[in-house]
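# Structural description and commentary
These are the residues of each chain, in order.
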Amino acid sequence: MATQNNFSAATLSFLLIFVWIAAFVSVDASSEGTKTVEFNVKPGGVVHTFTEAIRDYECSFTYASQGGTNEQWLMSVGLSDDDTLFSCSVWRPQGISYLFFTQFKAELKGTKIEYANAYSQTAAGGRSDVPLKPEEFTVGDSTVTHRDGKFNAQLSKLTAIGRTRHDEL
């Protein structure tokens, strides 16, 4: 099972470069290796799923939330130049979500997750990232999921990086 700390220097480098690029790529901009798309997170207690893909790799964010009104969120997906790492980040650009999430799950298809983390607050407006407590969510081979009875209903960002099953010929 992947853990939050199972993370190599190469993976960290890719993540930092990806996040830096994603921060400066305009919404709906697309290239072969990265894509950032805006979507609405809708309250009402109904389960919703938003999905983006690059080539054979896909990220799905499934959630249910309560309170407030729709919020604009972003999803960035990226594939490393050598096709060995696929990343997915889902976040609220304003830094804090005012919705109460009753559940969440991110699923990476075509990869095995090597690193994942979830945050109650993201770095925006002079604030820093505030990670969820490790007991609030679980990381599996292909999913990052809330833990029933442990998750405190606050989510503003989720990031996962998976190793692709890409084999050299």
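A few points on the structure. Values in this document were obtained by computation on a predicted structure and should not be read as measured data.

## Overview of the pairing of strand 6 (residues 100-109)
In terms of strand pairing, strand 3 (residues 57-66) meets strand 6 through 9 bridges, oriented antiparallel. Its bridge partner lying in strand 6, F61 is registered against A106.

## A closer look at the side chain of K157
Tracing the sequence through the fold places K157 in strand 11 (residues 157-164). Classification of K157 as buried rests on a relative accessible area of 16%. Among the polar contacts made by the side chain of K157, one reaches the side chain of D129 at a distance of 2.9 Å. Sequence-distant contacts of K157, defined by excluding residues within four places in its chain, comprise W73, V90, W91, N117, A118, Y119, T122 and D129.

## Focus: the sheet that holds strand 2 (residues 48-54)
Read across the open sheet, the 5 strands follow the order 2-3-6-10-9; overall the sheet is antiparallel. In the strand order of this sheet, the two ends are held by strand 2 and strand 9 (137-139), each with one partner. This sheet shows a mean twist of 15 degrees between the axes of neighbouring strands, independent of strand direction.

## Observations regarding the state of the cysteines
Evaluated as defined, the whole model comprises 1 disulfide. Here C59 is linked by a disulfide to C88, with a sulfur-sulfur distance of 2.0 Å. One disulfide, between C59 and C88, carries an S-S torsion of -60 degrees and so falls in the left-handed class. Within this pair, whereas C59 is found in strand 3, its partner C88 is found in strand 5 (residues 85-91), the two being separated by 29 residues in sequence. A single burial state applies to C59 and to C88, both of which are buried.

## Regarding the sheet that holds strand 7 (residues 111-121)
A sheet is described by the order of its strands in space; here 6 strands give the open sequence 1-4-5-11-7-8, paired in antiparallel fashion. Strands at the two margins of the open sheet, each flanked by one partner only, are strand 1 (34-41) and strand 8 (130-131). As judged from the 8 bridges shared by strand 7 and strand 11, these two strands associate in the antiparallel manner. When the bridges of strand 11 are listed, A118 appears paired with L158.

## Let's talk about the pattern of salt bridges
For the coordinates displayed, the defined rule picks out 6 salt bridges. With a shortest N-O distance of 2.9 Å, D129 and K157 are connected by a salt bridge. Here the residue D129 occupies a position in the loop between strand 7 and strand 8, and K157 occupies one in strand 11, the gap between them amounting to 28 residues. Residue D129 is classed as partly exposed on the basis of its relative accessible area of 31%.

Rules used in this analysis
- Residues numbered from 1 in each chain as written.
- Predicted model: local features only at pLDDT ≥ 70, side-chain atom pairs only at ≥ 80, totals over all residues.
- Heavy atoms only, no water.
- Pairing = 2+ DSSP bridges.
- Helix = DSSP H or I, 4+ residues; strand = E, 2+ residues; numbered from the N terminus.
- Buried < 20%, exposed > 50% of the residue type's maximum accessible area, 1.4 Å probe, protein only.
- Polar contact = N/O pair within 3.5 Å; in protein donor to acceptor, adjacent residues only side chain to side chain.
- Contact = heavy atoms within 4.5 Å.
- Axes fitted to C-alpha atoms, helices over the stretch in contact; angles between N-to-C directions.
- Disulfide = S-S within 2.5 Å.
- Salt bridge = Lys/Arg side-chain N within 4 Å of Asp/Glu carboxyl O.

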